[in-house]
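# Summary of the model geometry
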Amino acid sequence: MRKKIIVTGGCGYIGSHTVIELIENGYDVLVFDNLSNSTEVSLDRIEQITGTRPAFVQLDLSDAKETNILFKLHQDAHAVIHFAAHKAVGESVLDPLKYYQNNLYALINTLSAQRENGINKFIFSSSATVYGDPDHLPVTEESELKRASSPYGNSKKIGEEILEDLTKSDLNFSAISLRYFNPIGAHASGFIGEIPSGIPNNLMPYITQTAAGVREQLLVYGNDYPTPDGTAIRDYIHVVDLAQAHVVALKRLLEQKQESPLEVFNLGTAKGYSVLEVIHSFESVTQVQLNYKLTDRRAGDIASLYAATERTEKQLGWKAQKGIDEMMRSSWEWEQYYRSQQ
Ligand code: UFG
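Residues numbered from 1 in each chain as written. Predicted model: local features only at pLDDT ≥ 70, side-chain atom pairs only at ≥ 80, totals over all residues. Heavy atoms only, no water.

### Thoughts on the side chain of Ser16
Tracing the chain through its elements places Ser16 in helix H1 (residues 13-24). Under the relative-accessibility criterion, Ser16 is labelled buried at 2%. Within the structure, Ser16 has its side chain in polar contact with the backbone oxygen of Gly12 (distance 2.6 Å). Within the structure, the side chain of Ser16 is placed 3.2 Å from the backbone oxygen of Tyr13, a separation counted as a polar contact. If we skip the residues at most four places from it in the chain, Ser16 touches Gly10, Cys11, Ser42, Ile46 and Ile192. (Helix = DSSP H or I, 4+ residues; strand = E, 2+ residues; numbered from the N terminus. Buried < 20%, exposed > 50% of the residue type's maximum accessible area, 1.4 Å probe, protein only. Polar contact = N/O pair within 3.5 Å; in protein donor to acceptor, adjacent residues only side chain to side chain. Contact = heavy atoms within 4.5 Å.)

Below you can see the structure in the form of structure tokens.
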């Protein structure tokens, strides 16, 4: 019998890539998404790629009553992978309540509905942003969590605390929190990828949109950081690698025989690239020259962040496989496909 997995936010960027990997690993997937920052086209594309259309319900998880009704209807689900959340760092600074309200209510309502209906396994989309500006690199899961630099980041940090408390209080409930570093890239088919709403904040979509002529010029924020070339360093991870890590984490949860406290894993590559290295890698892989300019630092950014991956490799038994060239190539293929469809 196929195991049924509920994926909240399954129409979004990371969610849709994970749904593909789940289907390809023989799971029966049910997507809950309110479509606030995604569309049902993702489901068409998932079907095109895998030959299977996941079941879908348009649901706003911040509505506790509706959420409970839906979970009751799907009590046969084995686990939940929870992607549904707002994720724009800058917007969260301007409108913190929107972030706390949406991200925390959705989380609490989902967990409550799960417990009420006996679905006791949970995977949480966390973020490397919970480390704030760390004292030491690379960051391990034991590194101190500094004050989050945005309400978005804080909503992830509080989310982890909620899960820690819950898994302590209810020994039947088990959860894994995955701390993503910088997910970029797209599925090898070229049919799905990131669709930023409006002007992108993140580096990769800004690069591909500049290359596509949608944006005039890429601004490189800061060239006076204490890094070899002066630009900021991040740990970029291919979204397909990230998606596959969710399947590995899910299997671990489903196979778990005894109770365990919340488990936390970094999902990164352990390798840092500077903004200029990313730009040069994009140019060399795609043979497209980018119009870019060095400018002042962006408020809230830190100099360097990259993951220690020993715990993830040893305990979860997973390691990222795809390198920066593949991240660049697939991002560019997706951008071109997406533009051709507009
Ligand atoms: N950058 C530019 N120009 C741009 C956009 C970004 O130079 O147009 C630089 C940034 O200053 C930073 C690097 O590229 O040095 C990466 O920036 P991103 O915005 O792509 O990613 P961040 O590391 O700032 O943020 C990401 C996620 C957040 C998460 C955070 C945690 O997008 O969701 O990592 O570290 F909170």
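Additional details are given in the paragraphs that follow.
### With respect to the sheet that holds strand E1 (residues 4-8)
What the seven strands build is an open sheet, ordered E3-E2-E1-E4-E5-E6-E11; its pairing is parallel. Each edge of the open sheet is held by one strand with a lone partner, namely strand E3 (55-58) and strand E11 (263-267). Taken pair by pair, the neighbouring strands of this sheet meet at an average axis angle of 20°, ignoring direction. In the sheet, strand E6 (residues 174-180) pairs with E11 via five bridges, with the strands oriented parallel. Of the residues in E11, the one forming a bridge with Tyr180 is Leu267. Lying on the sheet, helix H6 (residues 151-169) is in contact with strand E5 (121-127), E6 and E11; it crosses E5 at an angle near 150°. Lying over the sheet, helix H8 (residues 239-255) contacts E1, strand E4 (79-82), E5, E6 and E11, oriented at roughly 160° with respect to E6. (Pairing = 2+ DSSP bridges. Axes fitted to C-alpha atoms, helices over the stretch in contact; angles between N-to-C directions.)

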